[in-house]
Amino acid sequence: MRKKILVVDDEPSISMLIEFNLKLAGYEVRCVSDGEAVFDMLKPFRPDLIVLDLMLPKMDGIQVCRELRKQNNGVPIIMLTALQDITDKITGLDNGADDYMTKPFSPQELISRIGALFRRLQTIPGATDETQIAIGRLSVHVDQREVFMDGKLIDLTPKEFELLLFLSKHKGKVLSRQQLLHGVWDYHFLGDTRIVDVHISHLRDKLEKNARSPEYIMTVRNVGYKMHGPSAANESSLA
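Residues numbered from 1 in each chain as written. Predicted model: local features only at pLDDT ≥ 70, side-chain atom pairs only at ≥ 80, totals over all residues. Heavy atoms only, no water.

**Details of the sheet that holds strand 4 (residues 77-81)**
In spatial order, the strands read 2-1-3-4-5; together these five strands make up an open sheet with parallel pairing. Each edge of the sheet is formed by a strand with only one pairing partner; in this case those strands are strand 2 (28-32) and strand 5 (99-102). Averaged over all pairs of adjacent strands, the angle between their axes in this sheet comes to 20°, without regard to strand direction. Where strand 1 (residues 4-8) meets strand 3 (residues 49-53), four bridges bridge the pair, whose relative direction is parallel. Its bridge partner lying in strand 3, Val8 is registered against Leu52. In the packing of helix 3 (residues 61-70) onto the sheet, contacts are made with strand 3 and strand 4, and the angle to strand 4 comes to roughly 165°. (Pairing = 2+ DSSP bridges. Helix = DSSP H or I, 4+ residues; strand = E, 2+ residues; numbered from the N terminus. Axes fitted to C-alpha atoms, helices over the stretch in contact; angles between N-to-C directions. Contact = heavy atoms within 4.5 Å.)

**A closer look at the pattern of salt bridges**
Counted under the stated rule, the structure contains 14 salt bridges. Between Asp9 and Lys103 there is a salt bridge whose closest N-O contact spans 2.9 Å. Here Asp9, found in the loop between strand 1 and helix 1 (12-24), pairs with Lys103, found in the loop between strand 5 and helix 5 (107-122); they are 94 residues apart in sequence, far enough to count as distant. Here Lys103 falls in the buried class, since its relative accessible area comes to 11%. Among the salt bridges present, the one from Arg30 reaches Glu28, with a minimum N-O distance of 3.3 Å. (Salt bridge = Lys/Arg side-chain N within 4 Å of Asp/Glu carboxyl O. Buried < 20%, exposed > 50% of the residue type's maximum accessible area, 1.4 Å probe, protein only.)

**Concerning the nonpolar core**
Counting 53 residues, the largest nonpolar core has Leu164 and Ile217 as the members making the most contacts within it. Beyond its immediate sequence surroundings of up to four residues, Leu164 is in contact with Leu138, Val140, Val147, Leu156, Leu203, Leu207, Ile217 and Met227. With 17 residues, the next largest nonpolar core counts Ile18, Leu49, Val51 and Ile114 among its residues. (Core = buried A, V, L, I, M, F, W, Y, C linked by side-chain atoms within 4.5 Å.)

**A word on the sheet that holds strand 8 (residues 146-149)**
Sheet architecture is open: four strands sit in the order 6-7-8-9, paired in antiparallel fashion. Only two strands of the sheet have a single neighbouring strand rather than two, namely strand 6 (132-135) and strand 9 (152-154). Within this sheet the neighbouring strands show an average axis-to-axis angle of 25°, counted without direction. Pairing geometry for strand 6 and strand 7 (residues 138-141), over four bridges, is antiparallel. Across the sheet, the residue bridging to Ile133 is Val140, located in strand 7. On top of the sheet, helix 6 (residues 158-169) reaches strand 6, strand 7 and strand 8; it is set at about 110° to strand 7, its chief contact.

Structure follows, in structure tokens:
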């Protein structure tokens, strides 16, 4: 069965360009031109992924992301923005987008990123035969895609779960931001590593007692990140 993609953009020329290329790539595509229409399409179309413009009439892309996540709808979202300010891009990620692209963009790169998102949903990153990983008070249940801290279920987005699982599978190993982009987002080109930093920040907010003094997800200065148990949290080389 073909994957379904909902394209949300109020510029007809861009919608038509995206629709044409996605259909050539084998996807089933529907297009809408405002944010409110997204929610009208959820049940009848059931999209597997949403390509969502930031600036939309009636309800902008940030509001759409926020409302979808509030409804516990984990559909992958790639946000499109004509704005160059990184703050606007990070705001999209903060509110539930899985990725973003800046206009103008290559349709081939969009297709590549869509394919990467789908592959990550179908394949557990860093997969092994382990079905449960315990690190200190943290428990990651692989098959159920659930995470518990002190026995309490932690609400993570699909991408947050995949990032945490990848870190957990490589516990004790320093992973560069580019390695995380490759392993979790499946980017084989030079991606924007700030995507990694935003998701790490989200995980810390949800998992750590004090996000400014993390016990589990450690920053290795000038390199990347490393997953540790609480006993290793005070190593002098880490922050």
